[in-house]
Amino acid sequence: MGAASHASNFAPAPRADGRRNLVGLSRDEMLEEVQSVGLEPFRAKQLWKWIYNRGATDFAQMTDLAKPVREKLAETHVVARPSISREQRSTDGTHKWLLKMNDGREVESVHIPEEDRGTLCVSSQVGCTLTCRFCHTGTQRLVRNLTAAEIVEQIMVARDMLGEWPSPQDGRMLSNIVLMGMGEPLYNYEEVAKAMRIVMDGEGIAISKRRITLSTSGVVPMIERCGAELGLNLAVSLHAVTDDIRNEIMPINRKYPLKDLMAALRAYPTLTNARRITFEYVMLKGINDSLADARGLVNLIKGIPAKVNLIPFNPWPGSPYERSDWDQIERFAQVVLNAGYASPIRTPRGEDILAACGQLKSASQRPSAADVRAERERIAAIYAEKDDPEAVSATAAE
Ligand code: SAH
Ligand code: SF4
């Protein structure tokens, strides 16, 4: 069996004490859960507020529930958080948490503060079945989908750490979410969608869909559904403007080539000037950064309300590329801008703690130079396994 099919086969272990987690349930499931232990339906609404608006993790805090009700719930249920295996803070204020799930698997979330707002970069899978050649996450062998609970809990942990309970109306330092951490969210669509519905619920965490961006490498058959059902902002990892180059650096392009990807994006349900598609474009020296590429990019996206986020490549141990020269990134940006598209260059954040885009791999330290050669060999073996065409066709979404 190829590695790609692992994503659907690993299920997180139930809790050793048999208690069930209330986090990650839909409203309907929460209702069923309270009724299953003999409580009245309105308790579900109370619990929802305590859990998602006030951030309570202990039933004893829930003072408008009668004591026997609290005691009963504490016997059968928990309000879980993953444990924090490691916490790192960059010199620029970026915060990275390595979170340990119930089965011992680890994922990373990154908080990027700005002056009066902040973005949390959330993971959707442990590792990733895909193997984009510039991405550290793609070199991880072990892959499983995160559950809705594990996705929501990343946001709740960040809220705990920022002290943002009850859900503040204004001035939030966790104001935006980007699904740009580890994993391909559209290969774990059901759980991601469930998690985002919980996060968007106005009586709970209450982060609006306008402040949530889902980034995909281009899982074409899921794009329309995602737009119609969730209406989040969409970001697309484009990274190359010809199939030749995109096939080489993003193997998913062999399955869903540019023509199909662009057709799906042109049909993306919420397309208006107010809700532009973000094209992400990692700048790889000598690979995709010529001015001909910039003109190709402009041609490719013609007619789509869009902005182009240029991401200077962030290297990682054993990575095969170099970051484009700054002058070249600026010249590239100018061509895109002249064609009428905003083309901001994303300042790398949290590089000193390997928290920048594409550097996440449940790791915190740079290995010694001597380890890098061994790392290259390990990576080559993983690519050979994961790029097996049979493995790719077995990926979770289909
Ligand atoms: N799997 C999804 C979301 C996670 S990646 C996707 O691929 O879109 C978040 C963004 O970081 C993507 O645009 C990805 O292509 C980019 N990225 C990956 N590795 C990078 C690197 N080493 N340097 C800069 N950006 C990188
Ligand atoms: Fe997976 Fe996205 Fe990294 Fe590609 S860029 S390997 S899709 S996480």
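Quick summary incoming for the structure in this document. (Residues numbered from 1 in each chain as written. Chains lettered and ligands numbered in written order. Predicted model: local features only at pLDDT ≥ 70, side-chain atom pairs only at ≥ 80, totals over all residues. Heavy atoms only, no water.)

## Digging into the site of ligand 2
- Neighbouring residues of ligand 2: Cys-128, Leu-130, Cys-132, Cys-135, Gly-138, Gly-183 and Ser-217.
- Residues that form the shell around ligand 2 fall into these classes: 4 nonpolar, 3 polar and no charged. (Near = heavy atom within 4 Å. Nonpolar A, V, L, I, M, F, W, Y, C, P; charged D, E, K, R; others polar.)

## Some points on the site of ligand 1
- Near ligand 1 there are 21 residues, and of these Phe-134, Gly-183, Ser-215, Ser-237 and His-239 occur at the shortest range.
- Here an oxygen atom of ligand 1 sits 2.6 Å away from a polar atom, N or O, in the side chain of Ser-237.
- Here an oxygen atom of ligand 1 and a side-chain polar atom of His-239 are 2.5 Å apart.
- When ligand 1 is considered free in solution it has 530 Å² of accessible area, and contact with the protein chains removes 96% of it.
- Among the elements of the structure, β10 (212–216), β12 (277–283) and β13 (306–312) are those that each provide at least two residues to the shell around ligand 1.
- Of the residues belonging to the shell around ligand 1, the class tally is 10 nonpolar, 9 polar and 2 charged. (Polar contact = N/O pair within 3.5 Å; in protein donor to acceptor, adjacent residues only side chain to side chain. Areas by Shrake-Rupley, 256 points an atom, 1.4 Å probe, with all protein chains shown as cover. Helix = DSSP H or I, 4+ residues; strand = E, 2+ residues; numbered from the N terminus.)

## A word on unusual backbone geometry
- The omega angle of the peptide bond from Trp-165 to Pro-166 is -15°, so this bond is cis rather than trans.
- By the element assignment, Pro-166 lies in the loop between α5 (148–162) and β9 (176–179).
- Phi is positive for Ala-206, which is not a glycine, with a value near 55°.
- Inspection of the secondary structure assignment puts Ala-206 in the loop between α6 (189–200) and β10.
- Phi at His-239 is positive, roughly 70°, even though this residue is not glycine.
- As for its placement among the helices and strands, His-239 is situated in the loop between β11 (233–237) and α8 (243–249).

## Section: the pairing of β9
- What you see with β9 is no split at all: Asn-176 and Val-178 on one side and Ile-177 and Leu-179 on the other are buried throughout.
- Alignment of strand β6 (residues 118–121) against β9, held across 3 bridges, turns out to be parallel. Its bridge partner lying in β9, Leu-120 is registered against Ile-177.
- Relative to β10, β9 runs parallel, the two sharing 3 bridges. Bridging across to β10, Val-178 finds its partner in Thr-213. (Buried < 20%, exposed > 50% of the residue type's maximum accessible area, 1.4 Å probe, protein only. Pairing = 2+ DSSP bridges.)

## So, the environment of Arg-323
- Within the secondary structure, Arg-323 is located in the loop between β13 and α12 (326–338).
- Sequence-wise, Arg-323 and Met-283 are 40 residues apart; in three dimensions their C-alpha atoms are separated by 6.2 Å.
- Only 2.7 Å separates the side chain of Arg-323 from the backbone oxygen of Phe-313, close enough to count as a polar contact.
- Within the structure, Arg-323 has its side chain in polar contact with the side chain of Asn-314 (distance 2.9 Å).

## Considerations on the sheet that holds β6
- Strand order across the open sheet formed by 9 strands is β3-β4-β5-β6-β9-β10-β11-β12-β13, with mixed pairing between neighbours. Each having just a single partner strand, β3 (83–89) and β13 make up the two edges of the open sheet. With direction set aside, neighbouring strand axes in the sheet form an average angle of 20°. (Axes fitted to C-alpha atoms, helices over the stretch in contact; angles between N-to-C directions.)

## A look at helix α11 (residues 291–300)
- Taken residue by residue, α11 has Asp-293, Ala-294, Leu-297, Val-298 and Leu-300 as its buried positions. Buried residues of α11 fall within an arc of 165° about the axis and therefore sit on the same side.
- Tucked into the core, α11 has its buried residues touching α8, α10 (258–266), β12, β13 and α12. (Arc of directions from axis to C-beta. Contact = heavy atoms within 4.5 Å.)

## Brief notes about the nonpolar core
- Ile-51, Tyr-52, Phe-134, Leu-265 and Phe-279 are the most contacted members of the largest nonpolar core, which totals 105 residues.
- Both domains that furnish three or more residues to this core are identified here as domain 1 (7–78) and domain 2 (83–366).
- Core analysis: the second largest hydrophobic core is formed by 5 residues, Val-110, Cys-121, Val-178 and Ala-355 among them. (Core = buried A, V, L, I, M, F, W, Y, C linked by side-chain atoms within 4.5 Å. Domains from an automatic or database assignment.)

## Describing the pairing of strand β5 (residues 106–113)
- Counting buried positions over the 8 residues of β5 gives 6, a clear majority of the element.
- Two elements, strand β4 (residues 95–100) and β5, share 6 bridges in a ladder whose sense is antiparallel. When the bridges of β5 are listed, Leu-99 appears paired with Val-107.
- A loop of 5 residues connects β4 with β5, the two strands running antiparallel in sequence, and Gly-104 in this loop sits at a positive phi of about 90°.
- In this structure, the hairpin formed by β5 and β6 is closed by a connection of 4 residues.

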